[in-house]
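Read off the chains here:
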Amino acid sequence: MSAAIVLSQLKGLLEKTEQLKGKFSKVYPTNDQWDTLSDLSLKLSEATKVVQDEIRVLKESRNERAWKESEEHRSKAQSSRGDLFAKGRLKQPAVFRRSIITIFEGPKDSKFDSEDTRFRKESTRKRCELIRGLSPDGVISWALSYAPTLWAGGSMASDVFTCLLDDIEPELVQTWPPVIRDTLHLLMEDEESLRKSPEYNGFLKEIDDPSRKTVKHRKRRRTEEEDEGDEEKHSLSPSNENREMKFMYTNAPASNISKLPEPFRTAVQNSRLWKWERSQEELETTGCWATLFPKDHTQDVSLTIWCGHDDGYRLNDIFSLQHAISS
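Draft legend 1. Examining the environment of P29 more closely. Here P29 is to be found in the loop between α1 (3–20) and α2 (31–69). According to the relative accessible area criterion, P29 is buried, its value standing at 19%. Beyond its immediate chain neighbours, meaning those up to four positions away, P29 contacts W34 and L37.

Draft legend 2. Summary view of the packing of aromatic side chains. On inspection of all chains with the given rule, the structure shows 10 aromatic pairs. Seen from their ring centres, F104 and Y200 are 5.0 Å apart, and the 85 degrees between their planes marks the pair as edge-to-face. With F104 in helix α4 (residues 93–105) and Y200 in helix α11 (residues 198–208), this pair connects stretches of sequence that are 96 residues apart. Judged by relative accessible area, F104 falls into the buried class, the value being 12%. What makes Y200 buried here is its relative accessible area of 0%. Both rings, one in F104 and one in F203, keep their centres 5.1 Å apart while their planes meet at 45 degrees; by these two values the pair is tilted.

Draft legend 3. Fine view of unusual backbone geometry. The step from E262 to P263 runs through a cis peptide bond, and the omega angle for that step is 10 degrees. Relative to the helices and strands, P263 is located in the loop between β2 (252–253) and α13 (264–269). Positive phi, close to 55 degrees, is recorded for S320, a residue that is not glycine. Here S320 is to be found in the segment after α15 (309–319). Owing to a relative accessible area of 51%, S320 belongs among the exposed residues under this scheme.

Draft legend 4. Structural view of the sheet that holds strand β4 (residues 289–294). Here we have three strands laid out as an open sheet, ordered β1-β4-β5, and antiparallel in their pairing. Whereas interior strands pair on both sides, the edge strands pair on one side only; in this sheet they are β1 (245–249) and β5 (302–305). Geometrically, the sheet is characterised by an average inter-axis angle of 25 degrees between neighbouring strands, direction not taken into account. Here β4 runs beside β5; their pairing, made up of four bridges, is antiparallel. For W289, the partnering residue across the bridge sits in β5 and is I305.

Draft legend 5. Local environment of the side chain of S99. Mapped onto the elements of the fold, S99 is located in helix α4. Side-chain polar atoms of S99 contact the backbone oxygen of Y146, separated by 3.3 Å. Apart from residues no more than four positions distant in its own chain, S99 is found in contact with A143, Y146, A147 and P148.

Reading guide: rules and limits
Residues numbered from 1 in each chain as written. Predicted model: local features only at pLDDT ≥ 70, side-chain atom pairs only at ≥ 80, totals over all residues. Heavy atoms only, no water. Helix = DSSP H or I, 4+ residues; strand = E, 2+ residues; numbered from the N terminus. Buried < 20%, exposed > 50% of the residue type's maximum accessible area, 1.4 Å probe, protein only. Contact = heavy atoms within 4.5 Å. Phe/Tyr/Trp six-rings, centres within 6.5 Å; stacked < 30°, edge-to-face > 60°. Pairing = 2+ DSSP bridges. Axes fitted to C-alpha atoms, helices over the stretch in contact; angles between N-to-C directions. Polar contact = N/O pair within 3.5 Å; in protein donor to acceptor, adjacent residues only side chain to side chain.

In structure tokens:
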């Protein structure tokens, strides 16, 4: 049930109650009816108090509730970005293109739109404006993660939308795979409205600028539980915290080995896993490096690499690693 329906029902009850005011002076109840009227008015007062209390509690807890309700969407956004960087291609290119067009064009009006449809489209336009207020990397992250049908006006609660908006902004400037830039430029060639849009042209210029800086105008929303746990967390070393893995990203293009600096590159190439992978003629990816993301987004991400056995000891010597655990 939507908030609009609940509001309409409450307004209807209020109007009917107010209409009763002038009627009491025109009726002459019996003693039994007076008792019934007194009981009903008391129950009405109690019901009103229950509604007031429930609205107050929901209002006070709406941020926490929306944060929890948006968890699945936020996880999907993280997964979508990771999948793009791992494979270098869009999983749903049509959805990405439609999202970008909607964000910069907004929904199209029709003379046949009902009043409710016009209201929803106006709400969608306002949301598009808020999304365009993100950094270019934030806009791309949003278009990658959420189809317009998910976040359009009337489809998603405003509190959940705000949570997603607060969380989508990458903390660092992104070096997107070529498919993103190519798609964005082709869209401008294909869509006349985008060619004529100053905002879209400015957006493309920023994406094409390799020297652009991180925009810190948004901050991730924090839940009350996170705030309360801060003091305890800061008293512990991050390495001693309870960590649960949520995502692992691996299977990168094997050609990216060239991006690894020495001595890591040679160490990886000496691993049995690397050599086995390269012996498989059709295998173009490698599992020799991976990132492990914890469930708690305030905790650090682990980067692991596979290397040759002797190379592992050599890396210990180079970086002066100390023996910590035996089994």
